[in-house]
Amino acid sequence: MDSKEFEKRFKIYKERHTTKVTPPDCEDCNELATIYDTLTGDNYCEKCLRKSLMADDEIVEYTQAFMDN
């Protein structure tokens with residue numbers, strides 16, 4: 001998927017499937033986490049959440065119903 005489509009899907013995913021988190025560490029980099037992924041139960045910084053979602057196509061499945069045609 002191109003970067004424009006990814007950004008659109010990322011915004012939808014973030015709005016629908018994450019919430020703010022109080023200071024535990026990021027699952028991947030151990031920096032301060034600011035996002036709680038409600039689907040995986042993991043805490044992320046935004047950079048690592050992006051990297052995690054880019055690594056697989058699950059973002060397509062979780063955002064497809066909310067994409068504008």
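A quick note: this is a predicted structure, and the numbers were derived from the prediction, not measured.

Caption draft 1: Focus on the pattern of salt bridges. The full count for this structure, using the stated rule, is 4 salt bridges. The shortest N-O distance in the salt bridge between Arg-9 and Glu-5 comes to 2.8 Å. Here Glu-5 and Arg-9 lie together in helix α1 (residues 3-17), a separation of 4 residues that amounts to about one turn. Residue class for Glu-5 comes out partly exposed when judged on its relative accessible area of 29%.

Caption draft 2: Fine view of the sheet that holds strand β2 (residues 35-37). What the 3 strands build is an open sheet, ordered β1-β2-β3; its pairing is antiparallel. Because the sheet does not close on itself, it has two edges, and the strands there are β1 (18-20) and β3 (43-44). Both β2 and β3 contribute to a ladder of 2 bridges, which runs antiparallel. In the sheet register, Tyr-36 faces β3, and the bridge partner there is Asn-43. Each of β1 and β2 touches α1; the most contacted strand, β1, lies at about 65 degrees to it.

Reading the values: rules and limits
Residues numbered from 1 in each chain as written. Predicted model: local features only at pLDDT ≥ 70, side-chain atom pairs only at ≥ 80, totals over all residues. Heavy atoms only, no water. Salt bridge = Lys/Arg side-chain N within 4 Å of Asp/Glu carboxyl O. Helix = DSSP H or I, 4+ residues; strand = E, 2+ residues; numbered from the N terminus. Buried < 20%, exposed > 50% of the residue type's maximum accessible area, 1.4 Å probe, protein only. Pairing = 2+ DSSP bridges. Contact = heavy atoms within 4.5 Å. Axes fitted to C-alpha atoms, helices over the stretch in contact; angles between N-to-C directions.

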